[in-house]
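As a plain string of letters, each chain reads:
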Amino acid sequence: MPLIGYARVSTEDQTPLPQSEALQTAGCVEISEEHASGSNRARPVLARVLERVQSGDTLVVVRIDRLARSLSHLLEVIERLEAKGAFFRSLQDPIDTASPQGKFTLQVLGAAAEFERALIRERTKAGITSARAKGRVGGNPGLRTKDPAALRKVRLARQDGYMARLNETAQDWVPHVRRLRPDMAWEDVLQIINGPLPHSRHWTQSRLLRAVKAYVRDGFLPAEVLGRAGRRETDDRLPAIVAAIKGSDPDITLQAICDRLEAMRERTPRGRTSWQPSSVRMLLERAERLGLLVRQMD
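Quick look at the structure, then. (Residues numbered from 1 in each chain as written. Predicted model: local features only at pLDDT ≥ 70, side-chain atom pairs only at ≥ 80, totals over all residues. Heavy atoms only, no water.)

**Re the packing of helix H9 (residues 237–248) against helix H11 (residues 277–290)**
Inference 1: Between H9 and H11, the least distance of the axes is 8 Å, while the angle of their chain directions is 95°. Between H9 and H11, the angle is such that the two are roughly perpendicular. Contacts between H9 and H11 involve Leu238, Pro239, Val242, Ala243 and Lys246 from the first element and Val280, Leu283, Leu284, Arg286, Ala287 and Leu290 from the second.
Inference 2: For the contact of H9 with H11, a count of residues per class yields nine nonpolar, no polar and two charged. (Axes fitted to C-alpha atoms, helices over the stretch in contact; angles between N-to-C directions. Helix = DSSP H or I, 4+ residues; strand = E, 2+ residues; numbered from the N terminus. Parallel < 35°, antiparallel > 145°, perpendicular 65-115°, else oblique. Contact = heavy atoms within 4.5 Å. Nonpolar A, V, L, I, M, F, W, Y, C, P; charged D, E, K, R; others polar.)

Here it is as structure tokens:
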């Protein structure tokens, strides 16, 4: 099984060389290095690594904190790898999802995370009950009186929180929206975004549109992405989708594109549910003749 290494340091002054050497010694055939804070989930190098990982690959790090600084983020990455049929290994921690022991450790971590969340919920409920028994009313006094300044402050805080949550998932959808809109209809863009994601992280069209509008409002995406999609001939739809998948990962294999199309529940030109590399090759050639492949890859 190919071993894919990932090394991370927080600042430009630090060097990932010791991590890379340890990963190379462990047998990694490919090593990606990144300078970024561990608290930042929207790391471009990590996003590319997770996008390129294929079934049977193993993502390897020296220590867990090189990949994630929170248990929730670690479990999220591992869930994404498992959805692709890939594995995760930490050289200095007892986690290797390809082994029974590693899977058991992961289950213990997941149970610990759920137990911690349950404790927080119980403590919160107990605190609210105690405060009410003492006659204290919860909430913001300004909100209770509908003070405009308090309402505006809460609205801005909610907006900041929403943007922070969007930034954590930006690598999943922003590159596709920037590259495919408005040339492709939202329905097809949505399928391409959801293709490599686990079901629990799938986007709905309304959620995606709200996110895109927020990014356009703050200048992170050009307003053109919200334009009306041009009418496309029915026969051009599949070549456009295949070209979009190829454009997002020029090194993707024909079989991987087949797997992506089946995950998207796209039917073949003959109406079948199972895709073959020969059909994908035919669509790629047609996309190139139509100029779709070149445009997507630019």
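**A closer look at the layout of surface pockets**
The probe, sized like a water molecule, is rolled over the atoms to show the empty space still left.
Inference 1: Taken as a whole, the largest pocket encloses approximately 650 Å³ of empty space.
Inference 2: Surrounding the largest pocket, 26 residues form its lining, Gly195, Pro196, Asp259, Arg260 and Ala263 being those nearest its centre.
Inference 3: Among the secondary structure elements, those contributing two or more residues to the lining of the largest pocket are helix H2 (44–52), helix H7 (186–194) and helix H10 (254–263).
Inference 4: Looking at the lining of the largest pocket, the element that brings in the most residues is H10, giving five residues.
Inference 5: Residue composition of the lining of the largest pocket, grouped by class: nine nonpolar, nine polar and eight charged.
Inference 6: There is about 430 Å³ of room inside the second largest pocket. (1 Å grid on protein atoms, 1.4 Å probe; cavity = no way out; pocket = protein on both sides within 12 Å on 5 of 7 lines; lining within 4 Å. Points joined across faces, edges and corners; volume = space filled by probe spheres on them.)

**Quick notes on the packing of aromatic side chains**
Inference 1: Counting across every chain of the model gives three aromatic pairs.
Inference 2: Ring geometry for tryptophan 173 against tryptophan 203: centres 5.6 Å apart, planes inclined by 55°, an arrangement best described as tilted. Taken as a pair, tryptophan 173 in helix H6 (residues 148–180) and tryptophan 203 in the loop between H7 and helix H8 (205–217) lie far apart in primary sequence, 30 residues in all.
Inference 3: When its relative accessible area of 0% is taken as the criterion, tryptophan 173 is described as buried.
Inference 4: Ring pairing ties together the aromatic residues Trp173, Trp203, Tyr215 and Phe220, which thus form one cluster.
Inference 5: The residue whose ring lies beneath arginine 207 is tryptophan 203, and the NZ or CZ to ring-centre distance is 4.3 Å.
Inference 6: Taking NZ or CZ as reference, arginine 210 lies 3.9 Å from the ring centre of tyrosine 162, over its face. (Phe/Tyr/Trp six-rings, centres within 6.5 Å; stacked < 30°, edge-to-face > 60°. Buried < 20%, exposed > 50% of the residue type's maximum accessible area, 1.4 Å probe, protein only. Lys NZ or Arg CZ within 6 Å of the ring centre and 35° of its normal.)

**Concerning the sheet that holds strand S4 (residues 87–90)**
Inference 1: Ordered in space as S2-S1-S3-S4-S5, the five strands form an open sheet in which the pairing is mixed. Two strands bound the open sheet, and with one partner strand each, they are strand S2 (30–35) and strand S5 (95–96).
Inference 2: Relative to S5, S4 is paired through two bridges, and the arrangement is antiparallel. Bridge pairing in S5 links arginine 89 to aspartate 96.
Inference 3: Across the sheet, H2 lies against strand S1 (3–9), S2 and strand S3 (58–61), angled at about 155° from S2, the strand it touches most. (Pairing = 2+ DSSP bridges.)

**With respect to the packing of H10 against H11**
Inference 1: Between H10 and H11, whose axes approach to 9 Å, the crossing angle comes to 95°. Taken as axis vectors, H10 and H11 run roughly perpendicular relative to one another. Two secondary-structure elements touch here, H10 through Leu254, Gln255, Ile257, Cys258 and Leu261 and H11 through Pro277, Val280, Arg281 and Leu284.
Inference 2: Looking at side-chain class alone, the contact of H10 with H11 contains seven nonpolar, one polar and one charged residues.

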